[in-house]
Amino acid sequence: MKELIEEIKEKGIAIGNEILKVDSFLNHQVDVKLMKKIGKEFFEYFKNKNITKVVTIESSGIAPATMTALELDVPLLILKKKKPNTMEDEFIQTTVKSFTKGNEYKLTISKKYINPNDNVIIIDDFLANGESCLGAIRLIEELGGKVQGIGIVIEKSFQPGREKIEKRGYDIYSLARIKKLENGKIEM
Ligand code: G4P
């Protein structure tokens, strides 16, 4: 997606060889006009898949996922990284290990928001190691939902996420793919 790639080139900052800082438009401050365009882009790609729900993982996936759900005219479901105190009904959890952040969390979903009639897309800000996305797939499928695809704003192609997810047969649509981060340079 042209506008996103331009924004990354202009405002993205490579930290070491692994991390792309994009907190001026995606992770901290959010460029809402860009998010709107991102929502339209995902809509165009997934519009014929009979999507009934957009799923994301808190927190940075929420902005692009909201815009996508708005375009598709379906609810947005935000998976939690721990069980909220207010979640008293039945829920399921799966453990996700984040290699980037070096921690583990329990991805949590209330049973009542996904059922076997659901056709779901997962939208997230980054695809790195793919573990959060695989965790989301496990939860959705355990409740009988079908994962029709995955939409990613920024994919780091030098990390193994895409390979792990494609190996399991899922379609991934990324709007920008980072080939390499080296000496402060971003190679798209
Ligand atoms: P995975 O999601 O593909 O499994 O990768 P991993 O566990 O290694 O990293 C996930 C977390 O790290 C996510 O944040 C993701 O947004 C963030 N992340 C990964 N690579 C980058 C990067 O190059 N730049 C930035 N800015 N973030 C990156 P999270 O834990 O879900 O937190 P949140 O920001 O969504 O709240």
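Just so we're clear, the structure is a prediction, and the values are computed from it rather than from any experiment.

What counts, and at which threshold
- Every chain's residues receive numbers from 1 upward, in the order its sequence appears when written.
- Whole-chain, interface and lining totals are the exception, using all residues; otherwise, since this is a predicted model, local features are given only for residues with pLDDT of at least 70 and side-chain atom pairs are given and counted only at 80 or more.
- Side-chain measures here rest on the full set of heavy atoms in the structure, leaving out hydrogens and waters.
- When DSSP finds at least two bridges between two strands, those strands are taken to pair.
- A helix here means a DSSP run of H or I that spans at least four residues, while a strand means a run of E at least two residues long, and both kinds are numbered starting from the N terminus.
- Only the contacting stretch of a helix is used when fitting its axis, a line to C-alpha atoms as for every element, and angles between N-to-C directions run 0 to 180 degrees.
- Residues are counted as near a molecule or strand when any one of their heavy atoms sits within 4 Å of it.
- Under this definition, polar contacts are N or O atom pairs within 3.5 Å; protein pairs additionally need one hydrogen-donor-capable and one acceptor-capable atom, and for neighbouring residues in sequence, both atoms have to be side-chain atoms.
- Note on areas: these come from Shrake-Rupley sampling with a 1.4 Å probe, and a residue is covered only by the protein chains present in the view.
- A 1.4 Å probe that fits into a set of points on a 1 Å grid over the protein atoms alone but cannot get out defines a cavity; an open set with protein on both sides within 12 Å along at least five of seven lines defines a pocket, and lining residues are those with an atom within 4 Å of a point.
- To qualify as sitting in a cavity or pocket, a molecule needs more than half of its atoms within 2 Å of the grid points.

Pairing is parallel in the open sheet, where 5 strands are placed in the order β4-β3-β7-β8-β9. Where the open sheet ends on each side, the last strands, each with one partner, are β4 (76-79) and β9 (172-178). The mean inter-strand angle of the sheet, taken between neighbouring strand axes irrespective of direction, is 20°. In this sheet, strand β7 (residues 119-127) lies alongside strand β3 (residues 53-57) in parallel orientation, the contact comprising 3 bridges. Following the sheet pairing, Val55 is matched in β7 by Ile122.

What follows is about the site of the ligand. Taken together, 21 residues form the shell around the ligand, and within it Ser59, Thr100, Gly130, Glu131 and Ser132 come nearest. Between the ligand and the protein, one listed contact pairs an oxygen atom with a side-chain N or O atom of Ser60 at 2.9 Å. In this structure, Asn129 approaches the ligand through a main-chain N or O atom, which is 2.8 Å from an oxygen atom. Across the complex, the protein chains shield 89% of the 700 Å² of accessible surface that the ligand would expose by itself. If you map the ligand onto the pockets, it falls in the largest pocket. For the shell around the ligand, the secondary structure elements donating two or more residues are β2 (19-21), β7 and α4 (131-142). For the shell around the ligand, the leading source of residues is β7, giving 3 residues.

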